[in-house]
There are 2 protein chains.
Amino acid sequence: MVIGMLFGEGKKTLGEQAYEIIRENILALRLKPGQTVYESEFSTMLNTSRTPVREAVRALHIEQLIDVLPQRGMKIALISERKVEETRFVRESLEVSAICKIVDQWEPVQRKYQDLYRALTSNLQSQKEVIQNGDAVQFLQADEAFHRLLLSAIGNATLVSVVSQMRGHLNRVRLLSLQEIPYTEGLVREHEQLLEALQSKDRDRATSILSAHLSRVSEDIQVVKDKYPDYFTD
Amino acid sequence: MVIGMLFGEGKKTLGEQAYEIIRENILALRLKPGQTVYESEFSTMLNTSRTPVREAVRALHIEQLIDVLPQRGMKIALISERKVEETRFVRESLEVSAICKIVDQWEPVQRKYQDLYRALTSNLQSQKEVIQNGDAVQFLQADEAFHRLLLSAIGNATLVSVVSQMRGHLNRVRLLSLQEIPYTEGLVREHEQLLEALQSKDRDRATSILSAHLSRVSEDIQVVKDKYPDYFTD
DNA sequence: TATTGTATACTTGTATTCAAGTAAATGTAC
DNA sequence: GTACATTTACTTGAATACAAGTATACAATA
């Protein structure tokens, strides 16, 4: 009946709130890949009826983060290497297209790009700070914010939303690999290089850095797959 | 209670069936942009309860094809020039990336690409036949099939699905512009040129043809917007 | 012991009921 | 006639009730 009455709470419906909460719990691996779950669990957990839970669960099902077994229950989707590669490709295509557009439009004198530059450097700073306490979740949030800042610059909300949907399928691998091999310094370095390429309007350099940056997950998944075999399928 | 008991009927849920039916009616403009609709309408129309309809409507709302006005009703989403441009950009990025991958992998001796070539030429043939009776909906279906064949070749189901979601926001403009200015011959010609470029493994030509091909909608929308002003917003 | 039929206790899928908000129609005072 | 309060008829949002499929436990039987 009341899920998040605590803080501000825009007029989101209970179903929308449930969606966000459950999704976040899946991506943070608090709900384990392969784990069996039931609508009634979420109902009592969130202190609401099955109806809003159902709405959330259907959306997550469409997003392929939850597998529904009719009349039997649901399972948190296993991580699929194929799906990871598919979403990685889509994400890379879109982010590369976006960065090209930004480089082409980049005019250091314009207020818009000064603000963007400031925001990005500020974000880079907090990335470095976050590294110290070694919290993978926190770093991932900062990383996501960095990419989101860049993408938002081209003013294409649909693209931002598609990319963040793709991210949902990459996040769990990233999370596991980060706490396995903490190469966060390298990632931050690449962010810096990307920003440099942007400033110097070096289109080719920007795209090649970004491509390499986003391709890491394809290598990491192999390592993580061996360490957590029952989180994976195919 | 029974929506499509008629034909084969895979074990889709009523909600999924309702989703497909309503979506198809929106894209075919049988439900007019801006038209007010109610859950109960669809309920009686589909002879089912509000629950499956609700499931369908929520999905369509997430897809931004339906606007929900809490406690007041729903409206079929108006065509937004901004949204059209956003989805066009996403689609172009993804299809261009896909065609690049295909060109790079293209080996005319491989069975896989022989089959693809045959399928594409066969589709081109039916495009030409469809032109004769001047049915815009039929042509759009053939066009969609052509692009889907190409995209499917890279074996990325996620990409195919994202593109088809983007198409949902372009389809209505295409439909209107086709019955306004029937330049279908030009479109078919471009399909042929694309196929030629593919055969000759001319990457740059393929991408430039495809880009131009997919950019048409940006020009068409201006014409259509004047003809059907109350279908549009912004 | 092995097998099979059956009751039972779950699940999700669907229908229905209830709550709460909106807007237009209606009535009333001035 | 006009402004304003109130009723009323609708809507979606949420909760509950019901239907139907699934898997397990277990007893009956060979």
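Conventions we followed
- Residues numbered from 1 in each chain as written.
- Chains lettered and ligands numbered in written order.
- Predicted model: local features only at pLDDT ≥ 70, side-chain atom pairs only at ≥ 80, totals over all residues.
- Heavy atoms only, no water.
- Domains from an automatic or database assignment.
- Buried area = accessible area lost by both parts, 1.4 Å probe.
- Salt bridge = Lys/Arg side-chain N within 4 Å of Asp/Glu carboxyl O.
- Polar contact = N/O pair within 3.5 Å; in protein donor to acceptor, adjacent residues only side chain to side chain.
- Helix = DSSP H or I, 4+ residues; strand = E, 2+ residues; numbered from the N terminus.
- Nonpolar A, V, L, I, M, F, W, Y, C, P; charged D, E, K, R; others polar.
- Least-squares fit on C-alpha atoms with pLDDT ≥ 70 in both.
- Contact = heavy atoms within 4.5 Å.
- Expected span 1.5 Å × (residues − 1).
- Buried < 20%, exposed > 50% of the residue type's maximum accessible area, 1.4 Å probe, protein only.
- Near = heavy atom within 4 Å.

A. Region of the structure containing the domain arrangement of chain A. Residue and element names in this part refer to chain A. Once the domains are mapped, chain A shows domain 1 (14-77) and domain 2 (80-233). Look at where the C-alpha atoms of domain 1 and domain 2 centre, and you get two points 27 Å apart. Between domain 1 and domain 2 lies a buried interface of about 1000 Å² when both sides are counted; carbon and sulfur atoms form 58% of it. Here domain 1 and domain 2 share 0 salt bridges between them. At the junction of domain 1 and domain 2, the tally comes to 3 residue pairs in polar contact (both at pLDDT 80 or more). The element best represented in the side of domain 1 that touches domain 2 is helix H1 (residues 14-27), accounting for 3 residues. Residues belonging to the side of domain 1 that touches domain 2 are distributed by class as follows: 8 nonpolar, 1 polar and 3 charged.

B. Representation of the relation of the copies chain B and chain A. Structural alignment of chain B on chain A gives an RMSD of 0.1 Å, achieved by rotating through 180° and translating 0.0 Å along the axis. Viewed as a symmetry operation, the transformation between the two copies matches a two-fold axis. Judged by C-alpha distance, serine 93 of chain B is the residue of chain B that lies nearest the rotation axis, at 3.2 Å. Taken together, the interface assignments show that 100% of the residues at the interface of chain B recur at the interface of chain A, consistent with an identical surface on both copies.

C. Structural context of helix H8 (residues 184-199) of chain B. All names here are of chain B. In this model, H8 (16 residues) spans 23 Å end to end at C-alpha, consistent with the 22 Å of a helix rising 1.5 Å per residue. What H8 keeps buried is the set Thr184, Leu187, Val188, Glu190, His191, Glu192, Leu194, Leu195, Ala197 and Leu198. Buried positions along H8 lie against helix H4 (81-105), helix H5 (111-133), helix H6 (136-152), helix H7 (157-180) and helix H9 (203-227). The positive-phi residue at the C-terminal boundary of H8 is lysine 201, with phi of around 55°.

D. Quick look at the protein's contact with DNA strand D. In the vicinity of DNA strand D lie 19 residues, with Thr48, Thr51 and Arg72 of chain A together with Arg54 and Arg58 of chain B positioned nearest. Considering the 4 Å shell around the protein, atoms of DNA strand D inside it are sugar or phosphate in 70% of instances. A distance of 3.1 Å separates a base nitrogen of DNA strand D from a polar side-chain atom of arginine 50 of chain B. Between DNA strand D and the protein, one listed contact pairs a phosphate oxygen with a side-chain N or O atom of arginine 58 of chain B at 2.9 Å. At the level of elements, helix H3 (50-62) of chain A together with helix H3 (50-62) of chain B are the ones that each hand at least two residues to the surface near DNA strand D. Residues that form the surface near DNA strand D fall into these classes: 5 nonpolar, 7 polar and 7 charged.

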